[in-house]
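Summary of structural features
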Amino acid sequence: MTEASSTSARATESGSAETRGRDAGAAPADARPESAADAASERVDRWFARRPALALAALLPIGAVTPLFPVELGVATFALGTLAVGMAHGAVDHLVPLRGAPGVSLRRSIAVVSVVYAVLGGAVVAAFFAAPVAAFVGFIALTWLHWGQGDVATLAIAGVDHLPTSGERWLALVVRGGLPMGVPLLAHPEEYRLVAEWIVGLFLVDAGAAATAVDPLFAPAVRIGVGVGMATATLASVGLGYRRVRDGRDADGRRRDPDGRRRDPDGRRRDPGGWRRDVGELAVLWAWFLLAAPVFAIGVYFALWHALRHVGRLVLVDPEAASAASAGNAVGALARFGRDAAPLTLGGFLVVAAVGASVPAGVAAPGDLLAVSLVAIAAMTLPHVVVVAWLDRRQGVWRPGTGS
């Protein structure tokens, strides 16, 4: 896999222009002309990241009224989002090593990923049986990591200029992943606690034991700490990015032109609009998770934001789908992805059914169905994070400039 080239493309919907793929490899461009790789990257970013972000912003008025409705509305929304795209976004993991590195055979790719899923997924389910509260906390932490991981990769592939170092990208991960996981705890602790009780209650037959078990997680000090930590991290990330733009210096100390754009030795200039995009997206996410009821908010975010961005990333590492994207054929790119994802998407729902059949407390209410789905998703998230981390490493997401 090679890095996409450093060509600027105007991002009209976000009010910014990003250099495509400078800091992270975006697609196996060796199979296509360089200009085609740039076109695919720009279109995928528009289809799977920028337009969905605008859609989430447009949904803010709806999100603001969802706390007035029963939690079952959120459960239904989460189920629809999972059916539509949530489960599918990780269902091509078995092909990621094949497409992400030279010399990996299809058989080896499938075998390695299958073992990773079986071992790590089984360990997660066992952890819920052995220590459900600790497993729930671990799932929240893992999701925090993964959703931040996905957003930073999207920004890196878009070629943003204000996150030139590993440290700044890790800080952005803390912020991006913490918004869906931490802000609802601050704004809507009652519903957050209800979900925790549903999940823990699957493994504790005593109906009152779950409420007692999760008490420490929802102490005022915990909520205040999370809120202060998220606000501080957000301000620090935005402030550091602004300093990059204002001072006109990159991590290597090179100056930018007076208009804020860095001029590389070859004469190309790089636009700081990625910082404005970052700030805009952060504002939308803060508003969304402060206003919307947690289950509804997560259901919409999972399908419309996180999963779609990862689907776009996988389109770029598939030569055929990327070629369709470069030609402006969104339907063709999605059809290719859907074909690859279909078998293991069904497998994911079988995992949900297996978890539901095995939990000690049984499944008798919509909340139980949500809880079972989340436990199954937790079991699939840990191996999925490992696969994505491998792809991150191949593309140099956390070590800018080292993508292969």
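Just above sits the structure.
Residues numbered from 1 in each chain as written. Predicted model: local features only at pLDDT ≥ 70, side-chain atom pairs only at ≥ 80, totals over all residues. Heavy atoms only, no water.

**Thoughts on the nonpolar core**
As a rule of thumb, soluble globular proteins bury nonpolar side chains together. Formed by 62 residues in total, the largest nonpolar core has its most connected members in Phe-128, Leu-179, Trp-288 and Phe-289. The element that contributes the greatest number of residues to this core is helix 15 (residues 366–395), accounting for 10 residues. Contacts of Trp-288, omitting those with residues within four sequence positions, involve Leu-56, Leu-59, Leu-60, Gly-63, Phe-296, Ala-297, Val-300 and Tyr-301. (Core = buried A, V, L, I, M, F, W, Y, C linked by side-chain atoms within 4.5 Å. Buried < 20%, exposed > 50% of the residue type's maximum accessible area, 1.4 Å probe, protein only. Helix = DSSP H or I, 4+ residues; strand = E, 2+ residues; numbered from the N terminus. Contact = heavy atoms within 4.5 Å.)

**Here's the deal with helix 13 (residues 319–326)**
All of the buried residues along helix 13 are Ala-321, Ala-322, Ala-324, Ala-325 and Ser-326. Positive phi appears at Gly-328, one or two residues downstream of helix 13, with a value of about 80°.

**Observations concerning the side chain of Arg-176**
Relative to the helices and strands, Arg-176 resides in helix 7 (residues 166–187). Arg-176 gets classed as buried once you look at its relative accessible area, which sits at 1%. Setting aside chain neighbours within four positions, we find Arg-176 in contact with Gly-148, Asp-151, Leu-155, Asp-278, Glu-281, Leu-282, Leu-285, Tyr-301, Trp-305 and Arg-309.

**Concerning the side chain of Arg-336**
Looking at where Arg-336 falls in the secondary structure, it is placed in helix 14 (residues 330–358). Judged by its relative accessible area of 15%, Arg-336 falls in the buried class. A distance of 3.0 Å separates the side chain of Arg-336 from the side chain of Glu-320, its partner in a polar contact. If near-sequence neighbours (up to four positions away) are discounted, Arg-336 is found in contact with Arg-99, Asp-318, Glu-320 and Ala-321. (Polar contact = N/O pair within 3.5 Å; in protein donor to acceptor, adjacent residues only side chain to side chain.)

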